[in-house]
Amino acid sequence: MENINRLFVPSKQDYAKGKRPNVKCILCSVVNHDPEVESLDVYNTKHFVVSVNLFPYNPGHLIIFPKRHIETMEKFVTEEIIELHDLQIKSIKVLNNCYQAQGYNVGYNLGKASGASIDHLHLHIVPRYQREVGFIDVIGNARIIVEDPKDTVKRLTEEFKKQ
Ligand SMILES: [Zn+2]
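Since the model is a prediction, treat every value here as computed from it, not as a measurement.

## A closer look at the pattern of salt bridges
Enumeration according to the criterion identifies five salt bridges in this entry. E79 serves as the salt-bridge partner of K46, at 3.1 Å between the closest nitrogen and oxygen. In this pair, K46 sits in the loop between β2 (41-44) and β3 (48-52) while E79 sits in helix α2 (residues 78-99), placing the two residues 33 residues apart along the sequence. Among the residues examined, E79 registers a relative accessible area of 41% and is labelled partly exposed.

## Points about the packing of α2 against helix α4 (residues 149-162)
It is at 10 Å that the axes of α2 and α4 come closest, and there the two elements cross at 120°. With respect to α4, the element α2 is oriented oblique. Every pair of crossing elements has a handedness; the one defined by α2 and α4 is right-handed. Together, K90, S91, V94, L95, N97, C98 and Y99 of α2 and T152, R155, L156, E159 and F160 of α4 make up the contact between the two elements.

## Comments concerning the coordination of the zinc ion
Protein-derived coordination of the zinc ion comes from C25 (SG), C28 (SG), H69 (ND1) and H120 (ND1), at a distance range of 2.0 to 2.3 Å. For the zinc ion, the four donor atoms in the first shell make angles of 103 to 115° at the metal, so the coordination geometry reads as tetrahedral. Each donor residue of the zinc ion belongs to the same chain, and together they define the spacing C-x2-C-x40-H-x50-H. Taken together, the residues span a long stretch of sequence, with C25 in the loop between β1 (7-10) and α1 (26-31) and H120 in the loop between β5 (103-107) and β6 (123-128) at a distance of 95 residues. For the residue pair C25 and H120, the accessibility class agrees, reading buried in each case.

## Quick word on the confidence of the model for the protein
If pLDDT is low for a region, its predicted coordinates should not be looked at in detail. Per-chain confidence: the protein averages 82 in pLDDT, with 79% of residues scoring 70 or above. Segment residues 1-6: pLDDT under 50, and nine contacts once partners within four positions in sequence are set aside and those in other chains are kept. Of the regions scoring below 50 in pLDDT, residues 11-17 engages in 13 contacts with residues more than four places distant in sequence or in other chains.

Criteria and cut-off values
Residues numbered from 1 in each chain as written. Predicted model: local features only at pLDDT ≥ 70, side-chain atom pairs only at ≥ 80, totals over all residues. Heavy atoms only, no water. Salt bridge = Lys/Arg side-chain N within 4 Å of Asp/Glu carboxyl O. Helix = DSSP H or I, 4+ residues; strand = E, 2+ residues; numbered from the N terminus. Buried < 20%, exposed > 50% of the residue type's maximum accessible area, 1.4 Å probe, protein only. Axes fitted to C-alpha atoms, helices over the stretch in contact; angles between N-to-C directions. Parallel < 35°, antiparallel > 145°, perpendicular 65-115°, else oblique. Left-handed = near helix turned anticlockwise from the far one by under 90°. Contact = heavy atoms within 4.5 Å. Donors = N, O, S within 2.8 Å, 3.2 Å for Na, K, Ca; no water. Tetrahedral: all angles 85-135°; square planar, octahedral: opposite > 155°, others 65-115°. pLDDT = per-residue confidence, 0-100.

As structure tokens, this is what we get:
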């Protein structure tokens, strides 16, 4: 809790500007530990991976995805649905402890018209802040510091272990 008044901003320098790896499915590659793909996973369960989003909308933006490649929610079996719901609750607890967000958007982008860029089903957990980070915040507010995604991963991995 030492960083309670700080808002951490993932650095986009190395990640967002990088080109996407040439793999069939980036999330399957994460599951299979493909060396082509930089893994940002912070927690694993029997059926799911929780990962920092490679292109975060906001600091602490997570995605939760099934280890098997499915593209629609109808493919989930009951055991997965229960595990996924438990993971959503756990993820928000972790983010509350690490980022002190004032709100969350939780949901899917389903289908091409939704803006989905990856077919492999994944649930977004997007922390929301009263004052969201823009360029003015970055240059005008000393509390905001840039955080390397590797440090984000380390912080969240440690916090997930405590849950
Ligand atoms: Zn996949």
